[in-house]
Amino acid sequence: MHDTPDDVAAPAAGSRGDGGQPATSSYDFATAEPRWQRAWAERGCFLAEDVPAGDRPKYYVLEMFPYPSGRIHMGHVRNYTLGDVVARYKRARGYAVLHPMGWDAFGLPAENAARERGTHPARWTWDNIATMRGELQRMGLSIDWSREFATCDPAYYGQQQRLFLDLLAAGLVERREAWVNWDPVDRTVLANEQVIDGRGWRSGALVEKKSLSQWFFRITRFAPELLAALDGMDRWPERVRTMQARWIGRSEGARLAFALASPEAGIECVEVYTTRPDTLYGMSFLALAPEHPLAAAVAARDPAAAAFVAECRRLGTSEAVIETAEKRGYDTGLRVRHPFIEGATYPVWIANFVLMEYGTGAIFGCPAHDQRDLDFARACGLDVRPVVLPPGADAATYAIGSEAYDGPGTAFNSGFLDGLDQAAAKSAAIARLVALGIGEGVENWRLRDWGVSRQRYWGCPIPVIHCDACGIVPVPDADLPVRLPDDVTFDRPGNPLDHHPTWKHVACPRCGAAARRETDTFDTFVDSSWYFARFCSPHSARPLDRAAVDHWLPVDQYIGGIEHAILHLLYARFFTRAMQATGHVQVAEPFAGLFTQGMVTHESYRAADGAWLYPSEVDRRPDGTAARRSDGAPVTVGRVEAMSKSKRNTVDPGAIIGRYGADTARWFILSDNPPERDMEWTEAGVAGAWRFVQRVHRLAAGDVGPVPPPPSWGSVAMELRRATHRTIAAVTEALDGFAFNVAVARLHELANAIGAADRAAAETGGAEPGGADLRWARREAVDMLARLAAPMMPHLAEEVHARLHPGTDALLAEAPWPEADPALVAVASVTVAVQVMGKLRATIELPVGADSATAFAAAEAEPNVARALADRRVVKRIHVPDRIVNYVLAA
RNA sequence: GCCCGCCUGGCGGAAUGGUAGACGCAGCGGACUUAAAAUCCGCGGCCCAUGGCGUGGGGGUUCGAGUCCCCCGGCGGGCACCA
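All values reported here derive from a predicted model rather than from experimental measurement.

Section: the overall build of chain A
Right, on to step 1. Within chain A, the regular secondary structure consists of 27 helices and 35 strands.
Right, on to step 2. Over its C-alpha atoms, taken along the principal directions, chain A stretches across nearly 110 × 90 × 65 Å.
Right, on to step 3. A buried classification covers 52% of the 891 residues belonging to chain A.
Right, on to step 4. In chain A, the proportion of contacts linking residues at least 24 apart, taken out of those at least 6 apart, comes to 71%.
Right, on to step 5. Of the charged side chains in chain A, 95 are positive and 111 negative, and the gap between their average positions amounts to 1 Å.

Right, here's the structure in full:
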């Protein structure tokens, strides 16, 4: 049987030593939580101003906004709890906090729902939003709901259209014919980043190549800045910065033209990009991508070449990735001249490992110093000629085996480059190429422009009109937003906007002739590339209000999943720079601090027939086995892994909150481990959090109202006060460092200290008559427990606060963060470890700041220490005040 | 293959180069109870125990290493023919 809160009986009365006050019954979160949520809402505790009048410093906390898929999941609970702790804590620390919420509401699932169930995407989306808003509100998040928006609202996407037209006018958008990744299942174009292992990131279908006219954001224009700025982003995780740097992929090298010994179909030379111009003397072949124009020219007259090219294309996206592609090639019979060696020529091959998309689609092969070239040379019987001599190697005998050498060294066998180190050889080679007029030093980027056209209905319409006479015409500002039509059908594949009988037919705004609307919509990553800025002035009639964004941006703390390390975060960074260039914002970078949370995991369960079972369908037995609840059939307990619908190892946040309350769910999700790591959701863990919530409630039961300060303090009261103030300091430090699990541990300790004081009080009654000092100290301790726990369990904290401060209507949500009294944090004496040769022999109690003479005397008085030192010569004595004493003995 | 991270009791984890294992979970013992639940208290790394060994393994720096350096292993993640 599973316990529910309702089954839990009231705790025993008189458990405290303060006169036998009966404790109250267990905490009724079900009425308390909504009550405090209403109180916060009525007082507008969490409302921010677009441009605040006061002089409080600003703090913008943002969690990645959710896609309204239907219900919230535990990943959301973790994400939004983390953000809420930060928001509530910073608010208490005196910041004016902006903590908004919205909906990433465009996207394919809404259209899939329309196709599968006949629900209109808008209806489906808005229903989901309503459900999920309710679930988030039950979590008690300190969100400014007056700023809420959904990206599928014309009020939002209309402004996005304005931004787009500004970017278009600024030359940051381009339309061009491009080979695109076509997802045949979703029937849409995918960005390179959305193709994973040759498959669509959402559908999993094998991606095909297709040529279409597309809109592109010119993200490559900002590649240098996007890369350089990563260095200064010290509040981003190192690995995210590394991933982005690699994605942007700057390299330095040379671009040079190889002259063909005899022209082919009018082509006289082949351009090559290389990062190793210093190894040109080691060349043994030139290789072309199968899609290279020269390869096509050869294929046009050579059926065998054509067959090889066709085979590469077939293997291209699919099997080449699955198999560990073997290097293969086709000798075209053509030859190119070496740029430096008079009269030398090399064969031109078509090779399956050369990519048309990177560099120039052709390479020169230097097998000795590039592993891929070496593999290819060995497979095709080509020369291997070393031209870089590793330090210490002998030029006469140095040879390449099965591994290419790409380390540092000195050029040899290299004509005018001989004896130069790598850097010098590179510049000398480039200088010669320039002098010969056949090449130059260049930098190259891996980053591609961002194609944003999607052949979908449920997205933001791209606000342009195609006119046969005028070409591409922006939709005039007065005609914005370009709204999606409601009356669409999903009974055939492709884009419903294109099928719509009237929507796309409009008059050209410029010449008035019949023209067509663009029927493509934006990639939904566009929607999420500026939403954080819109939150600053969500109701503005322009995309952004300069005063508001200048005040609030950048986001001080952004929190979300690592899965967005490249796509979303890079697009948002680009968009911010684009908005800066068009005068919409002042800042260049959107997110000053980034925190990436770990996943929520759970055991998975399988019945004998192999079917996955939900945790709620399974009973865990004390002996570690598991059984299906419905019939007791045995269940196999599987791996602990990320919660997913397919494995059914999900736990419904709504059910947890309904059963235990939001505070318990929040407390558990924070308590078990550091937030950047994966956490395992367990029933036992929730139950533990539930017990602590109840315990805090019990500690605040009974007579806890205001008491006059006592004239003096007994030792029990003083000890409790010290524990309280140490906790204030420790929890503050933990929250500053995102160590929420440590903050939880420190609060457990304070609760333990209150319990210990209660027991001591039962014995001594305190120093003051009637235990006035203890009553005061205890009340302080409970007060601080509630205030320090408030960012994490806000409802119960309010409940306790209200009980401690009867008659006040001040809310804890508006109260300042407590400050530790340094005099109480400081301790009078410390336990100092005594080591002999680094091994612990004793501990001694010393006054704080005791000098070395005192420390050594006390240490040597310890029998264990004296014994260890007996008959040995002490070479050195070390004393680190308040820390340690160590004796070094002669060998 | 390359890059990044991680490895501490039965489990999650804590620990400015200074007493390793805070705090919690699970466990065991006790109190309370007619009984159970709940609650409260206590115990808890390992061993040949006045001592010895212990933070994946091996080496190093240091008076002192979970922490710093080098090598190796394992696990996880990211990128992947980027010329």
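Some words on the confidence of the model for chain A
Right, on to step 1. Mean pLDDT over chain A stands at 88; residues scoring 70 or higher make up 94%.
Right, on to step 2. Scored below 50 in pLDDT, residues 316–323 makes 8 contacts in the model with residues more than four places away or belonging to other chains.
Right, on to step 3. Both confidence scores are given for the complex: pTM 0.90, ipTM 0.94.

Quick look at the sheet that holds strand 20 (residues 471–474)
Right, on to step 1. Taking strand neighbours across the sheet as the criterion, the 4 strands line up as 20-19-22-21 in an open arrangement whose pairing is antiparallel. Bordering the open sheet on either side are strand 20 and strand 21 (505–507), each of which pairs with just one other strand. Along the sheet, successive strands turn relative to each other by an average axial angle of 40 degrees, direction set aside.
Right, on to step 2. Alignment of strand 19 (residues 464–467) against strand 22 (residues 514–517), held across 2 bridges, turns out to be antiparallel. The residue of strand 22 that forms the bridge with I465 is R517.

Some words on the packing of helix 3 (residues 108–117) against helix 4 (residues 121–138)
Right, on to step 1. Running from amino to carboxyl end, helix 3 crosses helix 4 at an angle of 115 degrees, the nearest separation of the two axes being 8 Å. Considering only the axes of helix 3 and helix 4, their crossing is right-handed. Across from P109, A110, E111, A113, A114 and R117 in helix 3, the residues of helix 4 making contact are P121, W124 and T125.
Right, on to step 2. Looking at the contact of helix 3 with helix 4, its residues break down into 6 nonpolar, 1 polar and 2 charged.

Quick look at the protein's contact with RNA strand B
Right, on to step 1. Neighbouring RNA strand B are 48 residues, the closest being T275, K327, Y358, R372 and E749.
Right, on to step 2. Backbone atoms, meaning sugar and phosphate, make up 65% of the atoms of RNA strand B lying within 4 Å of the protein.
Right, on to step 3. Here a base nitrogen of RNA strand B and a side-chain polar atom of R746 are 3.0 Å apart.
Right, on to step 4. Per-element tally for the surface near RNA strand B: the top contributor is helix 22 (residues 740–764), with 8 residues.
Right, on to step 5. Of the residues that constitute the surface near RNA strand B, the class distribution is 18 nonpolar, 12 polar and 18 charged.

Examining the domain arrangement of chain A
The extent of an interface is frequently quoted as the accessible surface area lost upon association of the parts.
Right, on to step 1. Domain annotation for chain A reports domain 1 (168–246 + 450–524), domain 2 (250–445), domain 3 (603–642), domain 4 (698–824) and domain 5 (829–889).
Right, on to step 2. Between the C-alpha centres of domain 3 and domain 5 there is a distance of 56 Å.

Some words on the pattern of salt bridges
Right, on to step 1. This model, assessed by the stated rule, comprises 41 salt bridges.
Right, on to step 2. Note that R516 and D468 form a salt bridge whose closest N and O atoms lie 3.3 Å from each other. Linking R516 in strand 22 with D468 in the loop between strand 19 and strand 20, this pair joins segments that are 48 residues apart in sequence.
Right, on to step 3. Looking at R516, the relative accessible area reads 36%, which means it is partly exposed.
Right, on to step 4. Look at D468 and you get exposed, because its relative accessible area is 70%.

Let's talk about helix 3
Right, on to step 1. Buried within helix 3 we find L108, A110, E111, A113 and A114.
Right, on to step 2. Looking at the buried residues of helix 3, the elements they touch are helix 4 and helix 13 (496–499).
Right, on to step 3. Looking one or two residues past helix 3, G118 carries a phi angle of roughly 75 degrees, positive in sign.

With respect to the sheet that holds strand 24 (residues 557–561)
Right, on to step 1. The parallel open sheet is built from 4 strands, whose spatial order is 2-1-24-25. A strand with exactly one partner marks an edge of an open sheet, and here the two such strands are strand 2 (96–98) and strand 25 (594–597). The mean inter-strand angle of the sheet, taken between neighbouring strand axes irrespective of direction, is 20 degrees.
Right, on to step 2. As judged from the 3 bridges shared by strand 1 (residues 58–63) and strand 24, these two strands associate in the parallel manner.

Some words on the nonpolar core
Right, on to step 1. Judged by nonpolar contacts, the single largest core of 184 residues is most densely connected at F217 and W681.
Right, on to step 2. Viewed by domain, this core spans two of them, domain 1 (168–246 + 450–524) and domain 4 (698–824), each represented by three or more residues.
Right, on to step 3. When neighbours within four sequence positions are excluded, W681 is seen to be in contact with M74, V600, T601, H602, M643, V651, I656, F668, I669 and V686.
Right, on to step 4. Core analysis: the second largest hydrophobic core is formed by 38 residues, A254, Y330, V348 and L433 among them.

Side note on the pairing of strand 19
Right, on to step 1. Judged by which residues are buried, strand 19 turns out to be covered on both faces: V464 and H466 on one side and I465 and C467 on the other are all buried.
Right, on to step 2. With 4 bridges joining them, strand 19 and strand 20 adopt antiparallel strand pairing. If you follow C467 over to strand 20, its bridge partner there is G471.
Right, on to step 3. Once strand 19 ends, the chain turns through 3 residues before running back antiparallel as strand 20.

What to know about helix 22
Right, on to step 1. Compared with the 36 Å implied by 1.5 Å per residue over 25 residues, the 36 Å span of helix 22 between its first and last C-alpha is a close match.
Right, on to step 2. Within helix 22, the full set of buried residues consists of F740, N741, A743, V744, L747, L750, A751, I754, G755, A757, D758 and A761.
Right, on to step 3. In this structure, the buried side of helix 22 is in contact with helix 2 (74–92), helix 19 (662–671), helix 20 (683–699), helix 21 (715–736) and helix 23 (772–789).

Looking at unusual backbone geometry
Right, on to step 1. Look at the link from L480 to P481: it is a cis peptide, with omega at -5 degrees.
Right, on to step 2. Mapped onto the secondary structure, P481 falls in the loop between strand 20 and helix 13.
Right, on to step 3. Of the consecutive residues L553 and P554, the connecting peptide bond is found in the cis state with omega at 0 degrees.
Right, on to step 4. Located in the positive-phi region is M837, a residue other than glycine, with phi close to 55 degrees.
Right, on to step 5. Its location among the elements puts M837 in the loop between strand 32 (829–836) and strand 33 (839–847).
Right, on to step 6. We note that D882 has phi near 65 degrees; this positive angle belongs to a residue other than glycine.

Some points on the UniProt feature "domain: Aminoacyl-tRNA synthetase class Ia" (unreviewed entry) in chain A
Right, on to step 1. The UniProt feature table records "domain: Aminoacyl-tRNA synthetase class Ia" (unreviewed entry) at residues 447–603.
Right, on to step 2. Annotation note: span residues 447–603, helix share 22%, strand share 22%, distance between end C-alpha atoms 39 Å.

Details of the side chain of T576
Right, on to step 1. Its location among the elements puts T576 in helix 17 (residues 567–581).
Right, on to step 2. For T576, a relative accessible area of 1% corresponds to the buried category.
Right, on to step 3. Residues contacting T576, with those up to four places away along its chain left out, are F532, V585, V587, A588, E589 and P590.

Things to note about the pairing of strand 35 (residues 884–889)
Right, on to step 1. As paired strands, strand 32 and strand 35 are joined by 4 bridges and run parallel to one another. Residue pairing for strand 35: Q835 is matched across the bridge by N886.
Right, on to step 2. Here strand 34 (residues 874–880) runs beside strand 35; their pairing, made up of 6 bridges, is antiparallel. Among the inter-strand pairings, I878 is bridged to a residue of strand 35, identified as N886.
Right, on to step 3. If you look at the hairpin formed by strand 34 and strand 35, you'll find 3 residues sitting between the two strands, and D882 has a positive phi there, around 65 degrees.

Observations concerning the packing of aromatic side chains
Right, on to step 1. Going through the model one piece at a time under the given rule, you end up with 45 aromatic pairs.
Right, on to step 2. Centre to centre, the rings of F217 and F522 are 6.3 Å apart; their planes meet at 20 degrees, and the pair counts as stacked. Residue F217 is found in strand 7 (residues 208–217), and its partner F522 is found in strand 23 (residues 521–522); the two are separated by 305 residues along the sequence.
Right, on to step 3. Over the ring of F353 we find K327; its NZ or CZ atom is 5.3 Å from the centre of that ring.

Conventions and cut-offs
- Residues numbered from 1 in each chain as written.
- Chains lettered and ligands numbered in written order.
- Predicted model: local features only at pLDDT ≥ 70, side-chain atom pairs only at ≥ 80, totals over all residues.
- Heavy atoms only, no water.
- Helix = DSSP H or I, 4+ residues; strand = E, 2+ residues; numbered from the N terminus.
- Buried < 20%, exposed > 50% of the residue type's maximum accessible area, 1.4 Å probe, protein only.
- Contact = heavy atoms within 4.5 Å.
- Lys, Arg positive; Asp, Glu negative; His and termini not counted.
- Charge placed at Lys NZ, Arg CZ, Asp CG, Glu CD.
- pLDDT = per-residue confidence, 0-100.
- Pairing = 2+ DSSP bridges.
- Axes fitted to C-alpha atoms, helices over the stretch in contact; angles between N-to-C directions.
- Left-handed = near helix turned anticlockwise from the far one by under 90°.
- Nonpolar A, V, L, I, M, F, W, Y, C, P; charged D, E, K, R; others polar.
- Near = heavy atom within 4 Å.
- Polar contact = N/O pair within 3.5 Å; in protein donor to acceptor, adjacent residues only side chain to side chain.
- Domains from an automatic or database assignment.
- Salt bridge = Lys/Arg side-chain N within 4 Å of Asp/Glu carboxyl O.
- Core = buried A, V, L, I, M, F, W, Y, C linked by side-chain atoms within 4.5 Å.
- Expected span 1.5 Å × (residues − 1).
- UniProt positions renumbered as here; feature names shortened; annotations may be inferred.
- Phe/Tyr/Trp six-rings, centres within 6.5 Å; stacked < 30°, edge-to-face > 60°.
- Lys NZ or Arg CZ within 6 Å of the ring centre and 35° of its normal.

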